[in-house]
Amino acid sequence: MSNSAPGMSVHSLGTGGGPIVSSSRAGTSTVVTVDGAAYVIDCGMGSIRNYRSSCAWSELRGIFLTHHHSDHVYDLGSFLVTGWQVPGESFSRPIQVFGPGQPPRVPALDREHAAQVDARTAGRAMTGTVEMVDALLDRVFASDICIRMADEGREEPHRWVTAHDIEIPSSVPADPVEARHPAMEPFEIYRDELVTVTAILVDHRLCFPAYAFRIDSAYGSVVVSGDTAYSENCIRLARGADLLLHEVMDLEAILATFPDGPTRDGIEIHLRESHTSFDEVGKVAQAAGVGQLVLHHIVPNTPGAADLQKMQAGAAKDFSGPVHVAEDNDHFTISSTPRTVAPREDAEVMA
């Protein structure tokens, strides 16, 4: 399916949160389309199928990863390989992939915790987005790619996929232990003739770097929070945006799906300090002055476990604009009429 109509719109490819297999929602993923060009934010489990019900491979220009938790990258390899020179189903230009770079060490809460983390993760290291994409193309799918190049005459896939580690500005005192989400201003990471994409660090506990993204076009603006607790940085990024897609969680409901025990106790701390409750998310939207709020990355993602009406009502209590709870394949129109001058005529990548 092609979405070549003029204007800016948002399609929810996956609205579930967490690394679980859900029969009701695909993993978190969103595509923003502008005049027939598609920009994907996160690639959750099952989202690739919903992408093809909304957009054509020829429309895809960029993929933006908020962070490297598995539920946000499960389908990344599928996005990169499936659109690579399949007759009638191919990328029309090289795809730009942006995401976190490799942190200098495994994140920790403080210096004392860092020593415990080092002992627990000894021999392991995190990775950057460039290394992740290279591993997918050169190792995970290496046999498939070599055979198709030999048997079908396809070109080198790196000609069609270019990855970028997002560089945090040197003026920002970010650190995986001391300052995982310091107060900062949004910074530009990508620009073409249709959109400008900016990023900011958000508060996802030990997940560093973790970003929220904003896409601005001549038709308006969309912000995707990524995974985050209540974040002043996210508010700063979202100021005046037409639409904010924000993650949402009901802590009591998700804990009710887990058996008692030390694992449950550990994940409770992670959930409480990493995500935004349904009774806080409206405050984010109101403080940012956005046009409308869309709740996605729904936690819990077990069928029937989330009270969606309660989530919507909790958000609406503090936000004066429209509140929607997204389902997979929902569509939100920003505008079909240009309001401003497009970013610029030539394409530019900031990495």
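Residues numbered from 1 in each chain as written. Predicted model: local features only at pLDDT ≥ 70, side-chain atom pairs only at ≥ 80, totals over all residues. Heavy atoms only, no water.

Peer 1: Even after reading the chapter, I still don't get the side chain of Glu247, so can you show me in this structure?
Peer 2: Mapped onto the elements, Glu247 comes out in strand E11 (residues 243-249). It is Arg205 that comes nearest to the buried, bridge-free Glu247 among opposite-charge side chains, at 13 Å. A polar contact is formed between the side chain of Glu247 and the backbone nitrogen of Thr228, at a distance of 3.0 Å. From its side chain, Glu247 meets the backbone nitrogen of Thr276 in a polar contact 2.7 Å long. When near neighbours in sequence (up to four residues on either side) are disregarded, Glu247 contacts Ser225, Gly226, Asp227, Thr228, Ser274, His275, Thr276, Val281, His296 and His297. (Helix = DSSP H or I, 4+ residues; strand = E, 2+ residues; numbered from the N terminus. Buried < 20%, exposed > 50% of the residue type's maximum accessible area, 1.4 Å probe, protein only. Lys, Arg positive; Asp, Glu negative; His and termini not counted. Salt bridge = Lys/Arg side-chain N within 4 Å of Asp/Glu carboxyl O. Polar contact = N/O pair within 3.5 Å; in protein donor to acceptor, adjacent residues only side chain to side chain. Contact = heavy atoms within 4.5 Å.)

Peer 1: It is not clear to me how the sheet that holds strand E1 (residues 8-14) should be interpreted in this structure. Could you clarify?
Peer 2: Backbone-to-backbone hydrogen bonds join strands into a sheet, with any given pair of strands oriented parallel or antiparallel. Ordered in space as E6-E5-E4-E3-E2-E1-E14, the seven strands form an open sheet in which the pairing is mixed. Single-partner strands in this sheet number two, and they are strand E6 (161-166) and strand E14 (331-335). Strand-to-strand twist in this sheet, taken as the mean axis angle between neighbours without regard to direction, amounts to 20°. Most of the contacts of helix H5 (residues 129-140) go to E6, to which it runs at about 150°, and overall it touches strand E5 (95-100) and E6. (Pairing = 2+ DSSP bridges. Axes fitted to C-alpha atoms, helices over the stretch in contact; angles between N-to-C directions.)

Peer 1: Mind showing me how you'd approach unusual backbone geometry here?
Peer 2: Peptide bonds are mostly trans, and most non-glycine residues show a negative phi. In this chain, Phe208 is followed by Pro209 through a cis amide linkage whose omega measures -5°. Tracing the backbone through its elements, the reader meets Pro209 in the loop between strand E8 (195-201) and strand E9 (211-217). A cis amide bond links Val299 with the next residue in sequence, Pro300, at an omega value of 10°. Of note, Pro300 is situated in the loop between strand E12 (292-299) and helix H11 (308-316). Here Asp35, not a glycine, exhibits a phi torsion of approximately 50°, which is positive. In this structure, Asp35 sits in the loop between strand E2 (29-34) and strand E3 (37-41).

Peer 1: What is the right way to read the environment of His164 from this model?
Peer 2: Turning to its location among the elements, His164 is positioned in strand E6. When the C-alpha atoms of His164 and Arg180 are compared, they prove to be 20 Å apart, with 16 residues separating the residues in sequence. At 2.6 Å, the side chain of His164 and the side chain of Gln96 are in polar contact.

Peer 1: Please explain helix H10 (residues 281-288) as it appears in this structure.
Peer 2: Since the α-helix turns once every 3.6 residues, residues separated by three or four places project in the same direction. Regarding H10, the residues found buried are Val281, Gly282, Val284, Ala285 and Ala288. Viewed along the axis of H10, the buried residues span an arc of 155°, placing them on a single side of the element. Packing partners of the buried residues in H10 comprise helix H7 (232-238), E11, E12 and H11. With its phi angle positive at about 70°, Gly289 sits one or two positions after the end of H10. (Arc of directions from axis to C-beta.)

Peer 1: Looking at this model, I keep getting lost on the side chain of Ser274. Mind explaining?
Peer 2: Within the secondary structure layout, Ser274 lies in helix H9 (residues 262-274). Residues contacting Ser274, with those up to four places away along its chain left out, are Asp203, His204, Arg205, Asp227, Thr228, Ala229 and Glu247.

Peer 1: I tried to follow the pattern of salt bridges on my own but got confused; where do I start?
Peer 2: Between side chains of opposite charge, pairing is possible as soon as their charged atoms come close. Summed over the entire model, instances satisfying the criterion amount to 17 salt bridges. Notably, a salt bridge pairs Glu327 with Arg25, separated by 3.2 Å at the nearest N-O pair. Here the residue Glu327 occupies a position in the loop between strand E13 (323-325) and E14, and Arg25 occupies one in the loop between E1 and E2, the gap between them amounting to 302 residues. Residue classification places Arg25 among the buried residues on the basis of a relative accessible area of 9%. The salt bridge involving Arg214 is made with Asp216; its shortest N-O contact spans 3.0 Å. A relative accessible area of 23% means that Asp216 is categorised as partly exposed. Three or more residues joined by partner-sharing salt bridges are found here, namely Asp144, Arg148, Glu152 and Arg154.

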